[in-house]
Amino acid sequence: MNKEWWRKAVIYQIYPRSFKDSNGDGIGDIPGIISELDYLKELGIDCIWLSPIYASPNFDNGYDISDYRAINPEFGTMEDFDKLVKEAGDRGIKIVMDLVINHTSNEHEWFRKALAGDKKYRDYYYFRSQKNNWGSFFGGKAWSKAPGEDMYYLHLFSENQPDLNWHNPDVYKEVCDIMRFWLDKGIAGFRCDVINVIYKDSLDNGKRRLVLSGLEHYLSTEGNHELLRRLRQDVLSKYDCFTVGETVFVDPAEANRLMGEDRKELNMVFGFEHMECDQRGVKWFRRTYSPERLIRALDRWQTECEWTANYLENHDQPRSVSRFGDAENCRRESAKMLAALNLCLRGTPFIYEGEEIGMTNCDFKKMFEIRDIESRNVNDILARLPIPKRTREKMIFRVTRDNARTPMQWDNTAGAGFTEGLPWIRINGNHEWVNVENELPDEDGILSFYKKLIAYRKQSEALQFGDYKKLPAEKGVYAFERQAGNSKVTVVLNMNSYEEEFPEVTGRVILSNYGRLSAESLEGHMKPYEALILEN
Ligand code: TEU
Ligand code: CA
């Protein structure tokens, strides 16, 4: 395996809308990000992944792009962007952008021209006189009627996100140019949105399923693989950059096909299997979380994949401490345990803004507080079924993507140090005590734990590149070893909410979330959510 820089990088995801507002309009922006670069440098990260900052009508908060070469004015100007790349670079931090090429916004010039009947642009999308039975990722059908005509267009996401026709060579050329445009500005790569569904094999009806009928016609098709190889060959290989694919519904074997070094497609992929351990098929249907199921999924990817992109949170997922930890009674301990998990597994770790201070799910009370298009669509669909309103709301609040999208909590003031104005989405009430200002001076805080762990990881060949081996342990206790040459790190995580037996491992304590100085001091049992990192 090559030891490229991005394998050992610690990557931090910023959701620009919610990170830091510099001008009081309640929306995070690029100057806001620049003002916190020192904070990020202190944290020790190497690279920032920016969720979309392109021009967008924001039906899906920037994942509906209306101009791939323009900065959304809400976020600032192109000068601001260039300054961000420069200032981050001065601090040794690289910038990676989101590449959303399955679809554009319905307000993109291409789609507007297509609607106006321009033949060239018509063929950038899928217009058909008959719709098929495909379902949308956001619930409902994947086809909508083109305004003013008897034709339908395909959209795997919302109706404001028409799918691009990747059979059209002009689309390929346009996207290559867009990628070069940003790479030439000095960015270090792309996080590629739903990248394994962009190439549709056919538009035939799919096998009927509860959700996403049609999937078999576009999921990880051979044409999609081919396309990724061409993008790599024609564009990406000319730059010192990497890609991480957001790849839906892939198992480790398919993940390896998408990122295998010899296949020259993507560099790494985000899997979803571990995110499904508390769901039944679809995320709205809850399954009681069991640490054992999470461990099994992670272990499978660790064992079977050439490399992994590790994450416990992003802008689409609820907060990990509310999900896999205990946000009420053991927030600090469980947040640190999850940090140890994410940063000690084999692979490139991704931290999502606020994760490093143990931000929790938001205590939403009413549906009108929810901004996310997916949640709102699903609410509309569920409202037609005989489900009591309260039940419906509870289903949605538990998993809504907005849990991760509430503003970053910098301090305990009304605007949480995020804004001086009215925030675009509600601020979590717990910003009074869960905030950066509280964490900064706290040697024992979650943030300090992250800093120590990142610093340790940086000088540890075992954590960066070492082999992974799972060790025998009680149920819900995740014990594994990372080894490179003579250097070995042993990680033991009690992911249970109760005490459990400590497996028979030894070593010098590097980090503990219960202030342990030696492994012996555990006397054979671990506290709830206890984490121990040992060096041998
Ligand atoms: O997400 C794709 C995706 O699979 C999710 O929408 C997923 O279906 C959902 O979040 C799980 O509940 C990407 C982006 O990360 C997401 O923010 C966008 O909305 C979506 O693509 C469309 O671009
Ligand atoms: Ca702003």
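What counts and what doesn't
- Residues numbered from 1 in each chain as written.
- Chains lettered and ligands numbered in written order.
- Predicted model: local features only at pLDDT ≥ 70, side-chain atom pairs only at ≥ 80, totals over all residues.
- Heavy atoms only, no water.
- Salt bridge = Lys/Arg side-chain N within 4 Å of Asp/Glu carboxyl O.
- Helix = DSSP H or I, 4+ residues; strand = E, 2+ residues; numbered from the N terminus.
- Buried < 20%, exposed > 50% of the residue type's maximum accessible area, 1.4 Å probe, protein only.
- Axes fitted to C-alpha atoms, helices over the stretch in contact; angles between N-to-C directions.
- Parallel < 35°, antiparallel > 145°, perpendicular 65-115°, else oblique.
- Left-handed = near helix turned anticlockwise from the far one by under 90°.
- Contact = heavy atoms within 4.5 Å.
- Nonpolar A, V, L, I, M, F, W, Y, C, P; charged D, E, K, R; others polar.
- Near = heavy atom within 4 Å.
- Polar contact = N/O pair within 3.5 Å; in protein donor to acceptor, adjacent residues only side chain to side chain.
- Areas by Shrake-Rupley, 256 points an atom, 1.4 Å probe, with all protein chains shown as cover.
- Phe/Tyr/Trp six-rings, centres within 6.5 Å; stacked < 30°, edge-to-face > 60°.
- Donors = N, O, S within 2.8 Å, 3.2 Å for Na, K, Ca; no water.
- Pairing = 2+ DSSP bridges.

Undergrad: Looking at this structure, I do not really get the pattern of salt bridges. What am I missing?
TA: Pairs can form between side chains of opposite charge whenever their charged atoms are close. In this structure the tally under the stated criterion is 48 salt bridges. One salt bridge in this structure joins Asp-90 and Lys-86, with 2.8 Å as the shortest N-O distance. Note that Asp-90 and Lys-86 are positioned in helix α4 (residues 78-90) at a spacing of four residues, about one turn of the helix. Residue Asp-90 is classed as exposed on the basis of its relative accessible area, which comes to 53%. Close ionic contact of Asp-442 with Arg-332 constitutes a salt bridge, the shortest N to O distance being 2.4 Å.

Undergrad: Explain the packing of helix α7 (residues 169-183) against helix α8 (residues 222-234) here, please?
TA: The geometry of α7 relative to α8 is characterised by a closest axis approach of 11 Å and an angle of 45° between their N-to-C directions. Put simply, α7 runs oblique to α8. Along this stretch, α7 crosses α8, giving a crossing that reads as right-handed. On α8, the residues touching Tyr-172, Cys-176, Met-179 and Arg-180 of α7 are Leu-227, Arg-230, Leu-231 and Asp-234. Along the lines of polarity and charge, the residues of the contact of α7 with α8 split into five nonpolar, no polar and three charged.

Undergrad: It is not clear to me how the side chain of Asn-379 should be interpreted in this structure. Could you clarify?
TA: Position of Asn-379 among the secondary structure elements: in helix α13 (residues 373-383). Residues within four places of Asn-379 in sequence aside, it is in contact with Met-367, Arg-392 and Ile-396.

Undergrad: Please clarify how the site of ligand 1 should be interpreted in this entry.
TA: In the region of ligand 1, 17 residues are neighbours, and Asp-60, Asp-193, Lys-283, His-315 and Asp-316 sit closest. Between ligand 1 and Lys-283, the relevant distance is 2.5 Å, taken from an oxygen atom to a side-chain nitrogen or oxygen of the residue. Contact with the protein chains covers 93% of the free accessible surface of ligand 1, which is 490 Å². Residue composition of the shell around ligand 1, grouped by class: six nonpolar, two polar and nine charged.

Undergrad: Explanation requested: the packing of aromatic side chains in the structure shown.
TA: Think of a pair of aromatic rings as described by two things: how far the centres are apart, and how the planes are tilted against each other in angle. Within the structure shown, the criterion is met by 29 aromatic pairs. Relative to Phe-19, the ring of Tyr-12 has its centre 6.2 Å away and its plane inclined at 70°; by these criteria the two rings are edge-to-face. Looking at Tyr-12, the relative accessible area reads 0%, which means it is buried. Centre to centre, the rings of Trp-134 and Tyr-218 are 5.2 Å apart; their planes meet at 50°, and the pair counts as tilted. Highlighted residues: Trp-134 in the loop between β6 (127-128) and β7 (143-145) and Tyr-218 in the loop between β9 (189-192) and α8, separated in sequence by 84 residues. Taking the relative accessible area as the measure of exposure, Tyr-218 reaches 0% and is therefore buried. Three or more aromatic residues link up through ring pairs in this structure, and these residues are Tyr-54, Tyr-68, Phe-81, Trp-110, Tyr-121, Tyr-124, Phe-181 and Trp-182.

Undergrad: Before we go on, may I ask you to explain the coordination of the calcium ion (ligand 2) in this structure?
TA: Put simply, a metal with four donors set out as a tetrahedron has ideal angles of 109.5 degrees, and one with six donors set out as an octahedron has ideal angles of 90 or 180 degrees. Protein coordination of the calcium ion (ligand 2) is provided by Asp-21 (OD), Asn-23 (OD1), Asp-25 (OD), Ile-27 (O) and Asp-29 (OD), with donor distances spanning 2.3 Å. Sequence spacing of the donors to the calcium ion (ligand 2): D-x1-N-x1-D-x1-I-x1-D.

Undergrad: I would appreciate a short explanation of the pairing of strand β1 (residues 11-14) in the present structure.
TA: Moving residue by residue along a regular strand, the side chains alternate between the two faces of the sheet. In β1, alternate side chains face the same way, and those of Ile-11 and Gln-13 on one face and Tyr-12 and Ile-14 on the other are all buried. Judged from the three bridges that link them, β1 and strand β15 (residues 348-352) form a sheet pairing that is parallel. Within β15, the position partnered with Gln-13 by the bridge is Tyr-352. Sheet analysis places β1 next to strand β2 (residues 47-50), joined by four bridges and oriented parallel. When the sheet's bridge partners are listed, Ile-14 is paired in β2 with Leu-50.

Undergrad: Just to check I follow, could you spell out helix α9 (residues 252-259) for this structure?
TA: Residue pairs three or four apart in sequence face the same way in an α-helix, which turns once every 3.6 residues. In terms of burial, α9 is largely enclosed, as six of its eight residues are buried. Along α9, the residues that are buried comprise Pro-252, Glu-254, Ala-255, Asn-256, Leu-258 and Met-259.

Undergrad: Help me understand the sheet that holds strand β20 (residues 508-512), please; the structure alone is not making it clear to me.
TA: Within a sheet, adjacent strands bond to each other through the backbone by hydrogen bonds, running parallel or antiparallel. Sheet architecture is open: five strands sit in the order β16-β17-β18-β22-β20, paired in antiparallel fashion. Of all the strands in the sheet, the pair left with one neighbour each is β16 (467-471) and β20. Taking the axes of each pair of neighbouring strands and ignoring which way they run, one obtains an average angle of 20° across the sheet. Here strand β18 (residues 487-494) runs beside strand β22 (residues 531-535); their pairing, made up of five bridges, is antiparallel. Of the residues in β22, the one forming a bridge with Thr-490 is Leu-534.

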